[in-house]
Amino acid sequence: MSDLPEIVDSHCHLDFPDFADELPDVVARAVESGVTRMVSICTRLRNAPQVRAIADAHDPVFWAGGTHPMSAAEEPLATVDELVALAAHPKFVGIGETGLDYHYSAESAEVQKTSLRTHVEAARKTGLPLIIHSRDADDDMARILTEEYRNGPYSCVMHCFSSSAELAKASLDLGFYLSMSGITAFPRSAELRDIFANAPLDRILVETDSPYLAPPPFRGKRNEPAYTAHTAKRAAETFGIGEAEFFAKTTENFDRLFSKAKSWQQAA
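For the structure given in this document, a descriptive report is provided here. (Residues numbered from 1 in each chain as written. Predicted model: local features only at pLDDT ≥ 70, side-chain atom pairs only at ≥ 80, totals over all residues. Heavy atoms only, no water.)

Let's talk about the nonpolar core
Counting residues in each nonpolar core, the largest one holds 68 residues, and the members touching the most others are Leu-14, Leu-130, Leu-145, Met-158, Phe-161, Leu-178 and Phe-246. Setting aside chain neighbours within four positions, we find Phe-161 in contact with Leu-167, Ala-168, Leu-178, Ser-179, Leu-192, Ile-195 and Phe-196. (Core = buried A, V, L, I, M, F, W, Y, C linked by side-chain atoms within 4.5 Å. Buried < 20%, exposed > 50% of the residue type's maximum accessible area, 1.4 Å probe, protein only. Contact = heavy atoms within 4.5 Å.)

So, the packing of aromatic side chains
Taken as a whole, this structure holds ten aromatic pairs when the rule is applied. Here the aromatic rings of Phe-161 and Phe-196 are separated by 6.1 Å at their centres, their planes lie at 85°, and the arrangement is edge-to-face. Taken together, the residues Phe-161 in the loop between β6 (156-158) and α7 (165-173) and Phe-196 in helix α8 (residues 190-197) connect sequence positions 35 residues apart. Grouping aromatic residues by their ring pairs yields a cluster made of Tyr-149, Tyr-154 and Phe-176. (Phe/Tyr/Trp six-rings, centres within 6.5 Å; stacked < 30°, edge-to-face > 60°. Helix = DSSP H or I, 4+ residues; strand = E, 2+ residues; numbered from the N terminus.)

Comments concerning helix α5 (residues 109-126)
Residues spaced three or four apart along an α-helix face the same direction, because each turn holds 3.6 residues. With 18 residues, α5 extends 26 Å from end C-alpha to end C-alpha; this agrees with the ideal 26 Å at 1.5 Å per step. Within α5, the full set of buried residues consists of Ala-109, Gln-112, Lys-113, Ser-115, Leu-116, Thr-118, His-119, Val-120, Ala-122 and Ala-123. The positive-phi residue at the C-terminal boundary of α5 is Gly-127, with phi of around 75°. (Expected span 1.5 Å × (residues − 1).)

A few points about the side chain of Arg-193
Along the chain, Arg-193 turns up in helix α8. In terms of polar contacts, Arg-193 uses its side chain to reach the backbone carbonyl oxygen of Pro-187, at 3.3 Å. Here Arg-193 is in contact with Thr-184, Ala-185, Phe-186, Pro-187, Arg-234 and Thr-238, once residues within four sequence places are set aside. (Polar contact = N/O pair within 3.5 Å; in protein donor to acceptor, adjacent residues only side chain to side chain.)

Remarks on unusual backbone geometry
With glycine set apart, most residues show a phi of negative sign, and most peptide bonds adopt trans. In this structure, Pro-211 follows Ser-210 across a cis peptide bond, with omega equal to 20°. Residue placement: Pro-211 occurs in the loop between β8 (204-206) and α9 (228-239). In this chain, Pro-216 is followed by Pro-217 through a cis amide linkage whose omega measures 10°. By the secondary structure assignment, Pro-217 is in the loop between β8 and α9. Its identity as a non-glycine residue notwithstanding, Asp-136 has a phi of 55°, on the positive side. Topologically, Asp-136 is positioned in the loop between β5 (130-135) and α6 (138-151).

Take a look at the structure:
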C-alpha cells in the first residue's frame, strides 16, 4: 500500500469502454494510491444496470445516475419515480450527473432545463446530492438552481467546476460544493485556481472525471481514479495547506455531502 493519505474520487466513469479490459486493475491501482472510495457516474439511465454491477462487484465503488445534459435530447426524459427507484440500491449515492451544456448542445437547451428540474425534484425526494454538469450556461444554471432551491432545499455538487466566479458564488451561497478536477492542475488554469482559493475549504471535493482530464504528469493520456492524488496535491497548494490536511478535509467534505456512502461503509 502507498503511504499517501486516504482520499476520495467523487466522480468517475468506470463503465466507459476505456476501462473495459482492465477494470479490476484500475480499481486496484486506485486503492493502492490511497483512493478509498470512488463514485462511478451513470450518464444514461439505460446503462444503470452496468454501473450498478460495477459498484456491486467492487467494494470501494459507489454509483450515481441520471441523464447527462448532452444526452438529454437523445434519451427518454427521466422521471422522478425512475430516479427515486434507483436510489433504493444501497450503494446509489447521488442524482445525476445532470445540468446544462450549451457549448456542444445549445440546440437542446429547453429539454435540458426540463431534465434538470426533474433531477432536482428527485434529489429533494431522496435526500441525495444533486451532481451538476455546467458548461457555457452560467446564467441559466444559477437562475434555475436558485429558483428550485426556493421551492425546497436540496444538496448539490458542481462537478468538475470550471465556470465563472459568479456561478461559483451563486452555488456556494446556496450551500453547494465545488469539485476540483484535473483542469485545476493545468498550468494555464490560474484564474480557475483563484476562484477555488476564494471558496470555503469545507465545500471542496476532488474528482478525476476519468477517463477524461488527466492531471499532470499524465495530461493527454487516459485518466483513472488512481490519479486523484495528483490533482489533490496541486489543490493543496492552491489552498496553502499541507497535502495530508487537504486530503483529510476533502474526505470529510465528501462524507458530509455523500452521507449515504459513509453510512454504507460504516455498516459494511
